[in-house]
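Chain residues, written in single-letter form:
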Amino acid sequence: MKLSKLSSNDVNGSLADLNLTNTVKWYLEDDKLTKIFKFNDFNLAFGFMTLCALYAEKANHHPEWFNLYNRVKVQLTTHDVLGISYKDFELANKMDYFERIIQ
């Protein structure tokens, strides 16, 4: 599949699908998929980031993120296409999975 920027309609549809089962929703901020993950403590937040980092390196698609104690703010965009691509939604889904198994 050729890597390309998703249209606004594709982003909105994929975002709705992504959020179907999430209590804390992904949203758009600064044209990036964004979510704030909250854990019970720093160790769980760091464990989540570690799992995500290992996956991101394998996928060659890295998040923009910020950690403060038990919170991890994630923003996803594909720099190669100057916008959101299918790779961002794949990583978002994987992050949601990692959040579920780490809690």
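Parameters and conventions
Residues numbered from 1 in each chain as written. Predicted model: local features only at pLDDT ≥ 70, side-chain atom pairs only at ≥ 80, totals over all residues. Heavy atoms only, no water. Helix = DSSP H or I, 4+ residues; strand = E, 2+ residues; numbered from the N terminus. Rg over C-alpha atoms; globule rule 2.2 N^0.38 Å. Buried < 20%, exposed > 50% of the residue type's maximum accessible area, 1.4 Å probe, protein only. Contact = heavy atoms within 4.5 Å. Areas by Shrake-Rupley, 256 points an atom, 1.4 Å probe, with all protein chains shown as cover. Lys, Arg positive; Asp, Glu negative; His and termini not counted. Charge placed at Lys NZ, Arg CZ, Asp CG, Glu CD. Expected span 1.5 Å × (residues − 1). Polar contact = N/O pair within 3.5 Å; in protein donor to acceptor, adjacent residues only side chain to side chain. Pairing = 2+ DSSP bridges. Axes fitted to C-alpha atoms, helices over the stretch in contact; angles between N-to-C directions.

Participant: Looking at this model, I keep getting lost on the overall build of the chain. Mind explaining?
Facilitator: The number of helices and strands found in the chain is three helices and four strands. If you list the helices and strands of the chain from N to C, you get α-β-β-α-β-β-α. Here the C-alpha atoms of the chain give a radius of gyration of 13 Å, agreeing with the 13 Å that 2.2 N^0.38 yields for 103 residues. Projected onto its principal axes, the C-alpha coordinates of the chain cover approximately 35 × 25 × 20 Å. Within the chain, buried positions represent 40% of all 103 residues. Within the chain, residue pairs in contact and separated by at least 24 positions form 65% of the contacts whose partners lie at least 6 positions apart. Accessible surface, the chain: about 6300 Å² in total, of which carbon and sulfur atoms supply 54%. In the chain, the 12 positive side-chain charges and the 13 negative ones have mean positions that sit 3 Å from each other.

Participant: Honestly, the environment of Tyr86 in this entry has me stumped. Any pointers?
Facilitator: Structurally, Tyr86 can be placed in helix H3 (residues 86-102). Linking Tyr86 and Lys5, residues 81 residues apart in sequence, is a C-alpha distance of 8.1 Å.

Participant: I tried to follow helix H2 (residues 42-59) on my own but got confused; where do I start?
Facilitator: Given 3.6 residues per helical turn, the α-helix brings residues three or four places apart onto the same face. For H2, built from 18 residues, the straight-helix expectation of 26 Å at 1.5 Å per residue is met to within 8% by its first-to-last C-alpha distance of 25 Å. Along its buried surface, H2 packs onto strand S2 (32-38), strand S3 (64-68), strand S4 (71-76) and H3. Put simply, Asp41 is the residue that caps the front of H2, since its side-chain oxygen is 3.2 Å from the backbone nitrogen of Asn43. Looking one or two places after H2, you find Asn60, whose phi comes out positive at around 55°.

Participant: Help me out: how do you make sense of the sheet that holds S4 in this one?
Facilitator: Strand-to-strand pairing in sheets goes through backbone hydrogen bonds, with the strands running parallel or antiparallel. Across the sheet, four strands lie side by side as S1-S2-S4-S3; this open sheet has antiparallel pairing. Because the sheet does not close on itself, it has two edges, and the strands there are strand S1 (27-29) and S3. Across the sheet, the mean angle separating the axes of adjacent strands is 30° when strand polarity is ignored. Note that S2 and S4 share six bridges and pair antiparallel. Along S4, the bridge assignment pairs Ile36 with Lys73. Strands in contact with H2 are S2, S3 and S4; relative to S3, the strand with the most contacts, it is inclined by about 165°. Those strands touched by H3 are S2, S3 and S4, and its axis lies near 5° from that of S2.

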